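What follows is each chain in one-letter form.
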Amino acid sequence: MASKLLRAVILGPPGSGKGTVCQRIAQNFGLQHLSSGHFLRENIKANTEVGEMAKQYIERSLLVPDRVITRLMMSELENRRGQHWLLDGFPRTLGQAEALDKICEVDLVISLNIPFETLKDRLSRRWIHPPSGRVYNLDFNPPHVHGIDDVTGEPLVQQEDDKPEAVAARLRQYKDVAKPVIELYKSRGVLHQFSGTETNKIWPYVYTLFSNKITPIQSKEAY
């Protein structure tokens, strides 16, 4: 197995099970799971310059611009030069993908294709703990106490944009923005697409793909 550091990216619309797949990849293969959403929350909490910039957009329910997200992620990646990593939530746009190209070569991109009806059902069952970003699903990882975060005991909320009428708009927006990113990685021969309605059925194929690139740190597939 090559000793080269693995640079991987996961793409998928909201509700596609990206978070679950990332956790399993991190667990099984020892990759650092680098989530743009997590870094945004950390920077906003720490009142960093980039956090303050992002906060102005988030408070007005606007998308954080490419230049802000790119600046944030570049500094995080700079700190992890010697690690295998998996990017989640970045690059979302062609501009972000081009910025990433300047600092490294992506080896592997996985794109999750989940039917619209499945996404709609999943998101309508999704509740979150905003301060930490923890996500619960009433079907497959419900909180111990309904409506309450397991760790802090604080209330969970359902985001406005997880409600069915907003899901269609979010999915359209994701497809429009992600299409050129998907095409870019497809043209380079590093894109692997996985389709299905159940993460547990998609996972064995993802596991096999990664096993061909990097030695698993666990001998069995951890769920």
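Residues numbered from 1 in each chain as written. Predicted model: local features only at pLDDT ≥ 70, side-chain atom pairs only at ≥ 80, totals over all residues. Heavy atoms only, no water.

Caption draft 1: Quick look at the sheet that holds strand 1 (residues 7–11). Spatially, 5 strands are ordered 2-3-1-4-7 in an open sheet, and the strand pairing comes out parallel. For this open sheet the edge positions go to strand 2 (32–35) and strand 7 (191–195), each flanked by a neighbour on one side alone. Pairs of neighbouring strands in the sheet enclose a mean axial angle of 20°, with direction left out of account. With 4 bridges joining them, strand 1 and strand 4 (residues 108–113) adopt parallel strand pairing. Looking at the pairing, Val 9 lines up with Val 109 of strand 4. Most of the contacts of helix 2 (residues 36–45) go to strand 2, to which it runs at about 65°, and overall it touches strand 2 and strand 3 (85–88). (Pairing = 2+ DSSP bridges. Helix = DSSP H or I, 4+ residues; strand = E, 2+ residues; numbered from the N terminus. Axes fitted to C-alpha atoms, helices over the stretch in contact; angles between N-to-C directions. Contact = heavy atoms within 4.5 Å.)

Caption draft 2: Unusual backbone geometry, seen in detail. Phe 90 connects to Pro 91 through a cis peptide bond whose omega is 0°. One can find Pro 91 in the loop between strand 3 and helix 5 (94–101). Despite not being glycine, Asn 47 has its phi angle at roughly 55°, a positive value. With respect to the secondary-structure elements, Asn 47 resides in the loop between helix 2 and helix 3 (49–58). Overall, the relative accessible area of 48% leaves Asn 47 in the partly exposed class. (Buried < 20%, exposed > 50% of the residue type's maximum accessible area, 1.4 Å probe, protein only.)

Caption draft 3: Structural view of the UniProt feature "binding site: a ribonucleoside 5'-triphosphate" (unreviewed entry) in the protein chain. UniProt's entry tags Gly 15, Ser 16, Gly 17, Lys 18, Gly 19, Thr 20, Arg 126, Val 135, Tyr 136 and Thr 199 with the feature "binding site: a ribonucleoside 5'-triphosphate" (unreviewed entry), counted in the numbering of this structure. Summarising the element assignment, Gly 17 is placed in the loop between strand 1 and helix 1 (18–29). Judged by its relative accessible area of 17%, Gly 17 is buried. For Gly 17, the residues in contact, after removing those within four places along its chain, are Leu 112, Arg 122 and Thr 199. With respect to the helices and strands, the residue Arg 126 is situated in strand 5 (residues 126–129). (UniProt positions renumbered as here; feature names shortened; annotations may be inferred.)

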